[in-house]
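Examination of the molecular architecture
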Amino acid sequence: MISSDMILLRRPKKNDSKLYFKWINNKRLVEYNSIFKPITYVEHLEWFSSIRAKVDVKIFSIVEKKSKKLIGSCSLRKINKIEKSAELQIRIGESPFRNGGYGSEAIRLLV
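What comes next is a walk through the structure.

Further remarks concern the overall build of the protein chain. In terms of helices and strands, the protein chain carries four helices and five strands. Listing each helix as α and each strand as β along the protein chain from the N terminus yields β-β-α-α-α-β-β-β-α. Over its C-alpha atoms the protein chain spans a radius of gyration of 14 Å, differing by no more than 12% from the 13 Å that the globule rule assigns to 111 residues. Its C-alpha atoms put the protein chain at 35 × 35 × 25 Å along the principal axes.

Put into structure tokens, the structure is as follows:
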């Protein structure tokens, strides 16, 4: 768990899954960093249950501290410890929290 005055980054919990599913099926959100492909709930559950076991991925739920609301996710993917590199991905899934500095703060904490 990593935190600042604004947000908390924590490992995804089982009850986060429904919002993650909503976000991954939001074409507008997904097209910021990937090609959109609708995901079934079964596909999503398989991914969500497997993500914690992957050694080359570290994923975090972004929680706004004041409201304690899950507002997005961020991750380091394709982690290469030898080359000391990774891909960073962030998604502020809840629109009222976009353009409020939460994404920048999440990146600062993640890096």
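Residue placement: I35 occurs in the loop between α2 (27-30) and α3 (41-50). For I35, a relative accessible area of 76% puts it in the exposed group. Spatially, the C-alpha atom of I35 lies 20 Å from that of I51, the residues being 16 residues apart in sequence.

Glancing now at the pattern of salt bridges. Taken as a whole and assessed by the stated rule, the structure comprises five salt bridges. R10 is the salt-bridge partner of D16, the closest N and O atoms lying 2.7 Å from each other. The exposure class of D16 is buried, given its relative accessible area of 3%. In this structure R10 comes out as buried when scored by relative accessible area, which is 13%.

Counting residues in hydrophobic clusters, the biggest one holds twelve residues: I7, L9, F60, I62, I71, C74, I92, F97, Y102, A106, L109 and L110. Looking at this core, the elements with two or more residues in it are β2 (7-10), β3 (58-64), β4 (69-80) and α4 (102-110). It is α4 that contributes the most residues to this core, four residues altogether. Residue contacts for L9: discarding those within four places in its chain leaves M1, I2, F60, S61, I62, C74, A106, L109 and L110. Grouped together as the second largest cluster of nonpolar side chains are ten residues, W23, L29, I51 and I59 included.

Calculation rules
- Residues numbered from 1 in each chain as written.
- Predicted model: local features only at pLDDT ≥ 70, side-chain atom pairs only at ≥ 80, totals over all residues.
- Heavy atoms only, no water.
- Helix = DSSP H or I, 4+ residues; strand = E, 2+ residues; numbered from the N terminus.
- Rg over C-alpha atoms; globule rule 2.2 N^0.38 Å.
- Buried < 20%, exposed > 50% of the residue type's maximum accessible area, 1.4 Å probe, protein only.
- Salt bridge = Lys/Arg side-chain N within 4 Å of Asp/Glu carboxyl O.
- Core = buried A, V, L, I, M, F, W, Y, C linked by side-chain atoms within 4.5 Å.
- Contact = heavy atoms within 4.5 Å.

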